[in-house]
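Topology and contacts: notes
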Amino acid sequence: MLATFISPYLGMQTGHTRQYPVEWWQSPDDGVRSPADERLSLEQLLRGYTQNGAYQLRLEDETGSISAGKSADFIVLNKNLFNVDPHEIWQLQPTAVVMRGQLIQGEF
């Protein structure tokens, strides 16, 4: 049985590779989900989770990107998203969480 939970990292991995984590496969050939040609780049996925998410909520003037005048909400990951094995994205963890410019969890 597949574990299910809400995780932006799992969503990014699935959107980028079109595969669930290998640990969740039900058979050795439980490969790429169709349509394989709909894989998204990490840049597209990050924009979807940040700027586009803010736009959808009509908050693009307040959040969704790091720029002057916007709320300083961001995370620092334990690994570089662009250097990690694409099949390990779902395992990323935030080491620091900043909301409105204040460190609320973790450390730098």
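Heads up: the structure comes first, above all this text.
Residues numbered from 1 in each chain as written. Predicted model: local features only at pLDDT ≥ 70, side-chain atom pairs only at ≥ 80, totals over all residues. Heavy atoms only, no water.

**Here we look at the packing of aromatic side chains**
What counts here: When two rings of Phe, Tyr or Trp (its six-membered ring) have centres within 6.5 Å they constitute a pair, described as stacked for plane angles under 30 degrees, edge-to-face for angles over 60, and tilted for the intermediate range.
As enumerated under the stated definition, the model contains two aromatic pairs in all. Among the aromatic residues, those joined into a ring-pair cluster are Tyr20, Trp24 and Trp90.

**Digging into the nonpolar core**
Most often, soluble globular proteins have nonpolar side chains that are buried together. What counts is decided by this rule: The criterion is simple. A nonpolar core is a set of buried Ala, Val, Leu, Ile, Met, Phe, Trp, Tyr and Cys residues joined through side-chain atoms within 4.5 Å. Summary of the burial criterion: residues with accessible area below 20% of their type's maximum are buried, those above 50% are exposed, and those between are partly exposed, where the area comes from a 1.4 Å probe applied to protein chains only. Helix numbering and strand numbering both begin at the N terminus, where a helix is a DSSP run of H or I of at least 4 residues and a strand a DSSP run of E of at least 2. Only heavy atoms enter the contact rule, under which two residues are in contact if any of them lie within 4.5 Å.
Membership of the largest hydrophobic core is limited to eight residues, which are Tyr9, Met12, Leu42, Leu45, Leu81, Val84, Ile89 and Leu92. Secondary-structure elements contributing two or more residues to this core are helix 1 (8-17) and helix 2 (42-49). Apart from residues lying up to four places away in sequence, Tyr9 is in contact with Ile75, Leu77, Ile89, Trp90, Leu92 and Pro94.

**So, the environment of Ile6**
The residue Ile6 is located in the segment before helix 1 in this model. Given a relative accessible area of 86%, Ile6 falls into the exposed group.

**Some words on helix 1**
Most of helix 1 is tucked away: seven of the 10 residues are buried. Taken from the residues just after helix 1, Arg18 is the one with a positive phi, measuring 60 degrees.

**Quick look at the side chain of Arg18**
Convention followed: Charged residues are defined here as Lys and Arg on the positive side and Asp and Glu on the negative side; His and the ends of the chain fall outside this count. The rule for a salt bridge is simple: a side-chain nitrogen of Lys or Arg has to be within 4 Å of a carboxyl oxygen of Asp or Glu. Any N or O atom pair separated by 3.5 Å or less is treated as a polar contact, with the protein-specific requirement of one donor-capable and one acceptor-capable atom, and with residues adjacent in sequence counted only for side-chain atom pairs.
Counting through the fold element by element, Arg18 comes out in the loop between helix 1 and helix 2. Look at Arg18: it is buried, it has no salt bridge, and the nearest opposite charge is Glu38 at 6.4 Å. Within the structure, the side chain of Arg18 is placed 3.4 Å from the backbone oxygen of Pro35, a separation counted as a polar contact. Beyond its immediate chain neighbours, meaning those up to four positions away, Arg18 contacts Gln13, Gly31, Val32, Arg33, Ser34, Pro35, Ala36, Glu38 and Arg39.

**Comments concerning the pairing of strand 2 (residues 94-99)**
The line we're drawing: Strands are labelled as partners when DSSP assigns at least two bridges between them.
As defined by bridge partners, strand 1 (residues 74-77) adjoins strand 2 across four bridges and the pair is classed as antiparallel. Bridge pairing links Leu77 to Pro94 in strand 2. As paired elements, strand 2 and strand 3 (residues 102-106) share four bridges and run antiparallel to each other. The residue of strand 3 that forms the bridge with Val97 is Gln105. The hairpin formed by strand 2 and strand 3 contains two residues between the paired strands, and Arg100 there has a positive phi angle of roughly 50 degrees.

**Topic: the side chain of Thr17**
Here Thr17 shows up in helix 1. At 2.8 Å, the side chain of Thr17 forms a polar contact with the backbone oxygen of Gln13. Setting aside its immediate chain neighbours within four residues, Thr17 contacts Val32, Arg39, Pro86 and His87.

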